[in-house]
Amino acid sequence: MQKCDKVNLLKLQGQYLMFIVENTAELNILEHIEQCSECKANIIKAVKEDRPVPDYGNMFQREFDDQTVPQYSDYKKPENFVDARVQWRKRKLKELIKNAEMELADLETRL
């Protein structure tokens, strides 16, 4: 039995929407970190102590193999490192969301 193309497109639409929502939620959290002195202080303390911050995955880990990511060794102050990582990740997320929204709009023209 052959599947209906429209059903497949609707499923794909749902996947794009979930991807956009998940990335938007992460973007909102990063924007909160920028404004919340308590959250930022906890992250900075963890960075200074070189310990993981499980709530944020490896986002603030000092060592990172990808050289496009801000590196701890490039900053004199942990605060500047945290700010740089947040800004870097926000740029990445905005790019991902923008591309997903464009692909979703294209997909929706076929529905």
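Source: prediction; values computed, not measured.

Draft legend 1. Focus on the overall build of the protein. Across its full length, the protein carries 3 helices and 0 strands. Since a compact globule built from 111 residues should have a radius of gyration of about 13 Å, the 18 Å found for the protein marks it as more spread out than a globular shape. Considering only C-alpha atoms, the protein reaches an extent of 60 × 30 × 25 Å along its principal axes. Each of the 111 residues in the protein was classed as buried or not, and the buried ones make up 32%. The contacts in the protein between residues at least 6 apart in sequence include a share of 62% that link residues at least 24 apart. Taken as a whole, the protein presents about 7,800 Å² of accessible surface, with 51% of it coming from carbon and sulfur. Positive and negative side-chain charges in the protein, numbering 18 and 20 respectively, have mean positions lying 2 Å apart.

Draft legend 2. Structural context of the environment of Lys48. Along the chain, the position of Lys48 falls in helix α2 (residues 37-48). It is 9.2 Å that separates the C-alpha atoms of Lys48 and Lys77, two residues lying 29 residues apart in sequence. Setting aside anything within four residues of it in sequence, one finds Lys48 in contact with Arg62, Pro78 and Glu79.

About the criteria used
Residues numbered from 1 in each chain as written. Predicted model: local features only at pLDDT ≥ 70, side-chain atom pairs only at ≥ 80, totals over all residues. Heavy atoms only, no water. Helix = DSSP H or I, 4+ residues; strand = E, 2+ residues; numbered from the N terminus. Rg over C-alpha atoms; globule rule 2.2 N^0.38 Å. Buried < 20%, exposed > 50% of the residue type's maximum accessible area, 1.4 Å probe, protein only. Contact = heavy atoms within 4.5 Å. Areas by Shrake-Rupley, 256 points an atom, 1.4 Å probe, with all protein chains shown as cover. Lys, Arg positive; Asp, Glu negative; His and termini not counted. Charge placed at Lys NZ, Arg CZ, Asp CG, Glu CD.

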